[in-house]
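Analysis of the macromolecular model
The primary structure of each chain is shown beneath.
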Amino acid sequence: MIFRFKNGICLTDEKIENCKMKVLETMKLELPEKALTSEIVTHILEETINHIESIPLDL
């Protein structure tokens, strides 16, 4: 499947899946094992989204 975004960029679901897995791998490396809960991971993702929406993206 290919995802088409409003800005004209298209990404395959494979590329998106790879990115998702990298994010989760980073959390596994950075967080203590006891902190790897859906509540904490969801909170971090929500905070990340809020951060992204509040700054100009220059990655």
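Keep in mind the model is a prediction, meaning the values are calculated, not measured.

**Considerations on the overall build of the protein chain**
- Along its length, the protein chain carries 2 helices and 2 strands.
- Its helices and strands taken in sequence order, the protein chain reads β-β-α-α from the N to the C terminus.
- Taking 2.2 N^0.38 as the reference for a compact globule, 59 residues should give roughly 10 Å; the C-alpha atoms of the protein chain span a radius of gyration of 14 Å, well beyond that estimate.
- Expressed as lengths along the three principal axes of its C-alpha atoms, the size of the protein chain is roughly 40 × 25 × 20 Å.
- Of the roughly 5,600 Å² that the protein chain leaves accessible, carbon and sulfur atoms contribute 60%.
- Computed over 7 positive and 11 negative side-chain charges, the inter-centroid distance for the protein chain is 6 Å.

**Looking at the state of the cysteines**
- Under the definition given, this model contains 0 disulfides.
- Cys10 takes part in no disulfide bond, and the closest cysteine sulfur, belonging to Cys19, lies 15 Å away.
- Among the residues examined, Cys19 registers a relative accessible area of 45% and is labelled partly exposed.

**Regarding the packing of helix α1 (residues 13–30) against helix α2 (residues 38–54)**
- Contact pair α1 / α2: the axes reach a minimum separation of 12 Å and the direction vectors enclose 115 degrees. Here α1 and α2 pass one another in a crossing that is right-handed. Where α1 approaches α2, its residues Val23, Leu24 and Met27 are matched on the opposing element by Val41, Ile44 and Leu45.

**Overview of a nonpolar patch on the surface**
- On the surface, a nonpolar cluster with roughly 420 Å² of combined accessible area is contributed by Met1, Phe3, Phe5 and Ile9.
- Mapped onto the fold, Ile9 is located in the loop between β1 (2–4) and β2 (10–12).
- Classification of Ile9 by relative accessible area gives partly exposed; the value is 44%.

The rules behind the values
- Residues numbered from 1 in each chain as written.
- Predicted model: local features only at pLDDT ≥ 70, side-chain atom pairs only at ≥ 80, totals over all residues.
- Heavy atoms only, no water.
- Helix = DSSP H or I, 4+ residues; strand = E, 2+ residues; numbered from the N terminus.
- Rg over C-alpha atoms; globule rule 2.2 N^0.38 Å.
- Areas by Shrake-Rupley, 256 points an atom, 1.4 Å probe, with all protein chains shown as cover.
- Lys, Arg positive; Asp, Glu negative; His and termini not counted.
- Charge placed at Lys NZ, Arg CZ, Asp CG, Glu CD.
- Disulfide = S-S within 2.5 Å.
- Buried < 20%, exposed > 50% of the residue type's maximum accessible area, 1.4 Å probe, protein only.
- Axes fitted to C-alpha atoms, helices over the stretch in contact; angles between N-to-C directions.
- Left-handed = near helix turned anticlockwise from the far one by under 90°.
- Contact = heavy atoms within 4.5 Å.
- Patch = residues over 30% accessible without salt bridge, like charges linked within 9 Å, V, L, I, M, F, W, Y side chains within 5 Å.
- Salt bridge = Lys/Arg side-chain N within 4 Å of Asp/Glu carboxyl O.

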